[in-house]
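Spelled out, the chains give:
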Amino acid sequence: MKSKTTGIPLYLQVKQAIITRIESGEIAPGDSAGSEAELMKEFGVSQITVRRALSELVAEGYLYRLRGKGTYVSGEHQSVDSRSRIRCAMMAFLEQHPLSEVTPEMICEAANVDMETLHHYYFSLIDVLKDLSRNELFGRLAVRPSGRSWVEIFGLVLFHFYNHRNLFLNIYDSVYSNVLMEALRGYGEVVIKQGIEDSAAKCDVRVSEKDRLFLLMFYMCVFMGVVREYFDSRMTESPEYMVSRFKIMLSDNMDRTMKMLGKEDNHG
């Protein structure tokens, strides 16, 4: 990137490098694109070059600015509309401020919308938070990655929490923590149901609907309890440790349970 002999204008090189990071998922919605000073040092270019690259990315919807804070990733480029900008502005503020300090005026200024537009999409900031939970917070985790077990997927959730712990803790510490927990519960139920199916197929066991419901209830209680404790502990434990224990205590336990259910049915 420091080479000036490629024939490609330097600002375009910086711009394309940032786009690649966004599209690869290296930097996610709400993440900082890097300060001007950081980008100048990294790419070996002038402030004017960096500013032009960032300005074009803002104009094209890849990034948005928070006055006095920096430049942040907007989300999926093809769907950057007023609603998306509002959600991403909320996410960026929650990385740095308790929810109680965020006001509609702050969101409008950051998202470059007026109050009428904000209320066209959302009745209140709690509605923004609910939409944020459905999209930016869990949207990137909604599709099951190929080849991963259900416990490994929960591991991705924990890493996601850990990488954005200020944001999640600011929501969890607010009076609206139930919004976050409800979103997580809905996501968890989908993944645990898949885990039950995978384990039943692996152990060649037919599971009754009654047992399915009991297993779902049991593992959801365990998972939600662990997540609450993780938040209460301020996420001091590493995600790697948590994932390793989830594997032992959830995945392996479920397989043993399936085998015992199979034996019970055979004896019946």
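In this text the structure is predicted, and so the values were computed from the model without any measurement.

The rules behind each value
Residues numbered from 1 in each chain as written. Predicted model: local features only at pLDDT ≥ 70, side-chain atom pairs only at ≥ 80, totals over all residues. Heavy atoms only, no water. Phe/Tyr/Trp six-rings, centres within 6.5 Å; stacked < 30°, edge-to-face > 60°. Buried < 20%, exposed > 50% of the residue type's maximum accessible area, 1.4 Å probe, protein only. Helix = DSSP H or I, 4+ residues; strand = E, 2+ residues; numbered from the N terminus. Lys NZ or Arg CZ within 6 Å of the ring centre and 35° of its normal. Expected span 1.5 Å × (residues − 1). Salt bridge = Lys/Arg side-chain N within 4 Å of Asp/Glu carboxyl O. Patch = residues over 30% accessible without salt bridge, like charges linked within 9 Å, V, L, I, M, F, W, Y side chains within 5 Å. Areas by Shrake-Rupley, 256 points an atom, 1.4 Å probe, with all protein chains shown as cover.

Visitor: Go over the packing of aromatic side chains, please, and point to the residues and values.
Guide: Applying the stated criterion across every chain, the model contains 9 aromatic pairs. Here the aromatic rings of Phe161 and Phe168 are separated by 4.7 Å at their centres, their planes lie at 70°, and the arrangement is edge-to-face. Comparing Phe161 with Phe168, the two get one shared label, buried. Residues Tyr172 and Phe231 carry aromatic rings whose centres are separated by 4.9 Å and whose planes lie at 65° to one another, so their mutual orientation is edge-to-face. With Tyr172 in helix H9 (residues 165-172) and Phe231 in helix H11 (residues 209-232), the pair connects residues that are 59 residues apart, well separated along the chain. Since its relative accessible area comes to 12%, Tyr172 is described here as buried. Taken together, Trp150, Phe154, Phe218, Tyr219, Phe223 and Phe246 form an aromatic cluster joined through their ring pairs. For Arg52, the ring lying beneath its charged end belongs to Tyr11, and the centroid distance is 3.7 Å.

Visitor: Describe in detail helix H8 (residues 150-163), supporting the description with residues and values.
Guide: Taking 1.5 Å of rise per residue, 14 residues should cover 20 Å, and H8 covers 20 Å from first to last C-alpha, within 8% of that figure. By the burial criterion, the buried members of H8 are Trp150, Val151, Ile153, Phe154, Gly155, Val157, Leu158, His160 and Phe161.

Visitor: Before we move on, could you go through the environment of Tyr241 and cite the residues and values that matter?
Guide: Note on placement: Tyr241 falls in helix H12 (residues 239-267). The sequence separation of Tyr241 and Gly155 amounts to 86 residues, and the corresponding C-alpha distance is 9.8 Å.

Visitor: Explain the environment of Met258 to me, using residue names and the numbers behind them.
Guide: Mapping Met258 onto the fold places it in helix H12. With a relative accessible area of 0%, Met258 lands in the buried category. Sequence-wise, Met258 and Ile196 are 62 residues apart; in three dimensions their C-alpha atoms are separated by 8.7 Å.

Visitor: Hey, could you go over H9 for me, with residue numbers and the actual values?
Guide: The buried fraction of H9 amounts to 6 of the 8 residues, a majority that puts the element mostly inside the structure. Residues Leu167, Phe168, Leu169, Asn170, Ile171 and Tyr172 constitute the buried set of H9.

Visitor: A description of the pattern of salt bridges should follow, citing residues and the corresponding values.
Guide: For the structure on display, the rule yields 8 salt bridges. Residue Arg212 pairs with Glu197 through a salt bridge whose shortest N-O separation is 2.2 Å. Of this pair, Arg212 sits in helix H11 while Glu197 sits in helix H10 (residues 177-203), and the two are 15 residues apart along the sequence. Asp252 is the partner of Lys247 in a salt bridge, and the nearest nitrogen-oxygen pair spans 3.7 Å. A relative accessible area of 47% places Lys247 in the partly exposed class.

Visitor: Can you break down a nonpolar patch on the surface residue by residue, with the values?
Guide: Where nonpolar side chains cluster on the molecular surface, the patch consists of Phe214, Met217 and Phe218 and spans about 320 Å² of accessible area. The residue Phe218 is located in helix H11 in this model. Residue classification places Phe218 among the partly exposed positions, given a relative accessible area of 41%.

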